[in-house]
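# Chains, contacts and geometry: an overview
Letter by letter, the chains look like this.
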Amino acid sequence: MKKSMPPESKVPGPAKHSRRRFLQVAGIGGAAAVASPQVSRAQTATWKFQSTWPNRDIFHEFCNDFAKRVNDMSGGRLKLDVLASGAVVPAFQLQDAVHAGILDGGHGVAAYWYGKNKAFALFGTGPSFGWNANSFLGWMNYGGGYDLYNELQQQILKLNIVGFLSGPMPAQPLGWFKSEVTSADAFKGLKYRTVGLAADLNRQLGAAVTILAGGEIVPALERGVIDGAEFNNPSSDLVLGFPDVSKNLMLQSYHQSGETFELIFNKAKYDALPAELKAIVKYAAEASSADMSWKALDRYSKDLETIRSRGVTVKKTPDSVLQAQLAAWNKVIDEFSQDPFFKKVIDSQKAWVRRTYAYERLNEPSRDMAYDHFFKAT
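Model, not experiment: these values are computed from the prediction.

Reading the values: the criteria
Residues numbered from 1 in each chain as written. Predicted model: local features only at pLDDT ≥ 70, side-chain atom pairs only at ≥ 80, totals over all residues. Heavy atoms only, no water. Axes fitted to C-alpha atoms, helices over the stretch in contact; angles between N-to-C directions. Helix = DSSP H or I, 4+ residues; strand = E, 2+ residues; numbered from the N terminus. Left-handed = near helix turned anticlockwise from the far one by under 90°. Contact = heavy atoms within 4.5 Å. Buried < 20%, exposed > 50% of the residue type's maximum accessible area, 1.4 Å probe, protein only. Pairing = 2+ DSSP bridges. Nonpolar A, V, L, I, M, F, W, Y, C, P; charged D, E, K, R; others polar. Phe/Tyr/Trp six-rings, centres within 6.5 Å; stacked < 30°, edge-to-face > 60°.

### So, the packing of helix α2 (residues 58–73) against helix α11 (residues 275–309)
Between α2 and α11, whose axes approach to 9 Å, the crossing angle comes to 145°. Read as a crossing pair, α2 and α11 show a hand that is right-handed. Taken together, the residues of α11 that come into contact with α2 (itself represented by Ile58, Phe59, Glu61, Phe62, Asp65, Phe66, Arg69, Val70 and Met73) are Ile280, Val281, Ala284, Ala285, Ala287, Ser288, Asp291, Met292, Lys295, Ala296, Arg299 and Tyr300.

### Structural notes on the pairing of strand β3 (residues 105–108)
With burial as the criterion, each face of β3 is covered, one bearing Gly105 and His107 and the other bearing Gly106 and Gly108. Inspection of the sheet shows strand β1 (residues 45–51) paired to β3 by three bridges, in the parallel sense. Bridge pairing links Ser51 to His107 in β3. Of the strand pairs in this sheet, β3 and strand β10 (residues 260–266) are connected by four bridges, and their pairing is antiparallel.

### A short note on the packing of helix α6 (residues 197–204) against helix α12 (residues 319–336)
Relative orientation and spacing of two packed helices are given, respectively, by the angle between their axes and the distance between those axes. As a packed pair, α6 and α12 sit with axes 9 Å apart at the nearest point and diverge in direction by 115°. Crossing geometry of α6 relative to α12 is assigned as right-handed. On the side of α6, the interface is formed by Leu197, Asp200, Leu201 and Gln204, while α12 contributes Gln325, Ala328, Trp329, Lys331, Val332, Glu335 and Phe336. The class makeup of the residues in the contact of α6 with α12 is six nonpolar, two polar and three charged.

### So, unusual backbone geometry
Not every positive phi belongs to a glycine, and Lys158 is a case in point at roughly 55°. Tracing the sequence through the fold places Lys158 in the loop between α5 (145–156) and β4 (161–168). Looking at Lys158, the relative accessible area reads 59%, which means it is exposed. For Gln252, which is not glycine, the phi dihedral falls at a positive 80°.

### What about the environment of Leu277?
For Leu277, the location among the structural elements is in helix α11. Overall, Leu277 belongs to the buried group, its relative accessible area being 2%. Apart from residues no more than four positions distant in its own chain, Leu277 is found in contact with Ser74, Arg77 and Leu78.

### Focus on the sheet that holds strand β8 (residues 228–229)
A sheet is described by the order of its strands in space; here six strands give the open sequence β7-β6-β8-β5-β9-β11, paired in mixed fashion. At either margin of the open sheet sits one strand with a lone partner, and together these are β7 (208–210) and β11 (313–316). The sheet contact formed by strand β6 (residues 191–193) and β7 spans three bridges and is parallel. Across the sheet, the residue bridging to Tyr192 is Val209, located in β7.

### Notes on the packing of aromatic side chains
The final tally for this structure, using the stated rule, is 31 aromatic pairs. Geometrically, the ring pair formed by Phe164 and Phe265 is edge-to-face, given 6.5 Å between the ring centres and 70° between the ring planes. Placement of the pair is Phe164 in strand β4 and Phe265 in strand β10, with a sequence separation of 101 residues. Summarising the burial analysis for this pair, Phe164 and Phe265 share the class buried. Consider the rings of Phe374 and Phe375, whose centres lie 6.5 Å apart with planes at 55°: the pair is tilted.

Coordinates in, geometry out; function isn't part of it.
Below, the structure written as structure tokens:
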């Protein structure tokens, strides 16, 4: 800690001091001050930080981007050693491993834990009320979302975990299919992969839902174990190999239109950090959130062009399917709102969207109109 120099009258020695003596003492004190930065002298720590994503997936890249910010801003005093999915535990065991201290932290999505409590999906792939993932993060930070998230983790489920939500994802595609989806009837009896509340949504449409981790989807499609699947985005889909087993990609869907990533840490380990390192973790999550949204816009648009170049037909999901999804959301919400906590979260989210999107839709001009004006004829 930097200390101020005592006044001249209190420097030990004779009552009168020469200017040279004063400067010598001050010089020694100044050097000591420079050598002692205003940060705590905590020992360096290396934490095992596993993602739920394959090593080549852009999601694992996003995980590394977050870790680099923490490592750089902490000056190496806290180092996140990033591991790919399966390095220590399978993807769907990440939360248990962090809770137990087998891992110090991890990068995934809250929807993966909805088997423990349906409300977890509301912090990952909740209903499409008209908001997007950036608006969802607004609710988390300014609409009471974090209070509810922490209540679920630490009070209801007694998890030894601290979490941050980061990285607004674009709306996810309806998915990859053997043939074009022209109506909601296509989901009746369809063997389909998704996760979170989207599983319940698609069951309402008549699908036979299978929940698989990212690296398992394409092999299941290739073997005919499933008939259709969604994962998340063009970049991930390309790396996972979807264009090799399917030539029909349907874009636009209400099943997962506003998801974010979840960064979790062992609470005991996190609580033991000095205040400045806790702040670095929090602000690294926020900085990564912004950067991820910019990188995703660039990469996803480029990789969609690559997917088209490989003979894939890309179509917009018909409005009739989107309407059927919204009707199915009503049933899912009604069913699970029998649980008081689930309903409390839903009510909070609806209040946020009702107010904030009313402002956005009144304030923002049509992007379609402007785009069509400049580019539609080209």
